Amino acid sequence: MRILVIGGTRFVGRHIAQTALDRGHDVTLFNRGRSDPQALPAATHLAGDRNSDLSALADGEWDATIDVSAYVARQVRSLLDALGGRAGHTTFISTISVFDVGRLPRRGFTEEAPLLEPSWAQDYDAAKYGELKVACELAVAEAATTPLIIRPGFVIGPGDNTERFTHWVREVAAGKAFDAPDPDQPLQGIDARDLAAFTVAAVEHATTGTFDLTAPAQPPTFSQVFDTIAAALDVGLPEITWSKASAALPLSLPREAWPMMHADVSKAVDAGLTWRPLAQTVRDLADHIGLRTA
């Protein structure tokens, strides 16, 4: 297949593009060329800016387009307008943050759970991240003839430029006392490579619809996650001072947001989702960042 990836050189997009290449597809990357422009030399690289210059997409036709980097609806619309009928099957990587957590059941919400009200703002606002992504989803559903919408939970694994989960791996490996969120907070996440495998397979099968993509089905608590990290690294677990959620504690959520960590992933599992053990993600991540444990 000829697959166009919007983005493709950082974390989620890079794993998707690499997976597509590994599966023998003809991959084209469209991006600004700022994040590791030498990445994925087997792909065709088109330089441009989705906000101001889509001219590099004036020619060419693709069997599928995977949009990893849209944050506001105007970006979705301008891209699909530029591609016209040349986009093929269209995948949009959204987020599980589109759900209205105040209306979720305590456990086991599905893709049909209530969403936030969409925000049609022209510019990105981190405080409205979920609302903006809802608008993006609606724009994709309106403009694409064969839309696939994927809503990942927390994405973890090698290449994570956010350093969120990586922060905790480093803390445990360092062997020194550290502060952490509520030990009972559930934590669902998805390895970027498992997200990529599901996405590319769904594209190959021309799958449409919406899928929540996170794992495992029964989320561990933060306390259990730390135990898993220590065991995977074969180190003792340092002393932990448990605290409340805060911006200083990556992946922490206030108690009222915990239902967001109980997604029912049965629809995605029925469509082929599998996930590797968290311990494997930890070991691969430690290798990727050159971590040396005590």
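Presented here is a report on the structure given in the accompanying data block. Here the residue numbering is sequential within each chain, running from 1 through the sequence in written order. This being a predicted model, a pLDDT of at least 70 is required before a residue's local features are given, and a value of 80 or more before pairs of side-chain atoms are given or counted; all residues contribute to the totals for chains, interfaces and linings. Water and hydrogen atoms were dropped before computing side-chain values, which therefore reflect all heavy atoms in the structure.

Side note on the packing of aromatic side chains
Right, so step 1: A pair of aromatic rings is counted whenever rings of Phe, Tyr or Trp (Trp by its six-membered ring) have centres within 6.5 Å, and the orientation is called stacked for planes under 30 degrees apart, edge-to-face for over 60 and tilted otherwise. Throughout the structure, instances matching the rule amount to ten aromatic pairs.
Right, so step 2: On the basis of an interplanar angle of 45 degrees and a centroid distance of 6.4 Å, the ring pair of Tyr-71 and Tyr-129 is categorised as tilted. Separated by 58 residues along the polypeptide, Tyr-71 in the loop between β4 (64-67) and α2 (73-83) and Tyr-129 in helix α3 (residues 129-143) bring together distant segments of the chain.
Right, so step 3: For Tyr-71, a relative accessible area of 36% translates into the label partly exposed.
Right, so step 4: Only protein chains enter the calculation, and the probe is 1.4 Å; a residue is then buried if its accessible area is under 20% of its type maximum, exposed if over 50%, and partly exposed in between. In this structure Tyr-129 comes out as partly exposed when scored by relative accessible area, which is 26%. Strands here mean DSSP runs of E at least two residues long; helices mean DSSP runs of H or I at least four residues long; both are numbered from the N terminus.

Brief notes about the sheet that holds strand β5 (residues 89-93)
Right, so step 1: Taken in spatial order, the seven strands line up as β3-β2-β1-β4-β5-β6-β10 in an open sheet, and their pairing is parallel. If you trace the sheet from one side to the other, it starts and ends with β3 (44-47) and β10 (209-213), each paired once. Across the sheet, the mean angle from the axis of one strand to that of its neighbour is 20 degrees, orientation sign disregarded.
Right, so step 2: With four bridges connecting them, β4 and β5 associate as parallel partners. The residue of β5 that forms the bridge with Ala-64 is His-89.
Right, so step 3: Note on contacts: a residue pair is in contact if any heavy atoms of the two residues lie within 4.5 Å. Working convention: axes come from line fits to C-alpha atoms, limited for helices to the stretch in contact. Angles between N-to-C directions cover 0 to 180 degrees. Running at roughly 160 degrees to strand β2 (residues 26-31), helix α1 (residues 11-22) makes contact with β1 (2-6), β2, β4 and β5 of the sheet. Pairing between two strands requires that DSSP report at least two bridges joining them.

Notes on the nonpolar core
Right, so step 1: Among the nonpolar cores identified, the biggest contains 40 residues, and Phe-165, Trp-168, Phe-226, Ile-229 and Leu-233 are the most heavily contacted of them.
Right, so step 2: Listed by contribution, the elements that provide at least two residues to this core are β7 (154-156), α4 (164-174), β8 (178-180), α6 (222-233) and α8 (278-288).
Right, so step 3: Among the elements that take part in this core, α6 stands out by supplying seven residues, more than any other.
Right, so step 4: Other than its neighbours up to four places away in sequence, Phe-165 contacts Ile-156, Asp-160, Val-225, Ile-229, Leu-251, Leu-278, Val-282 and Leu-285. What makes a nonpolar core is a set of buried Ala, Val, Leu, Ile, Met, Phe, Trp, Tyr and Cys residues whose side-chain atoms join them at distances within 4.5 Å.

Remarks on the side chain of Thr-210
Right, so step 1: In this fold, Thr-210 is placed in strand β10.
Right, so step 2: Taking the relative accessible area as the measure of exposure, Thr-210 reaches 19% and is therefore buried.
Right, so step 3: Apart from residues lying up to four places away in sequence, Thr-210 is in contact with Glu-111, Ile-149, Arg-151 and Lys-267.

Looking at unusual backbone geometry
Right, so step 1: Omega for the bond connecting Ala-215 with Pro-216 falls within 30 degrees of zero, at -10 degrees, which places this linkage in the cis form.
Right, so step 2: Secondary-structure assignment places Pro-216 in the loop between β10 and α6.
Right, so step 3: At Glu-163, a residue that is not glycine, the phi angle is positive and equals roughly 65 degrees.
Right, so step 4: Structurally, the position occupied by Glu-163 is in the loop between β7 and α4.

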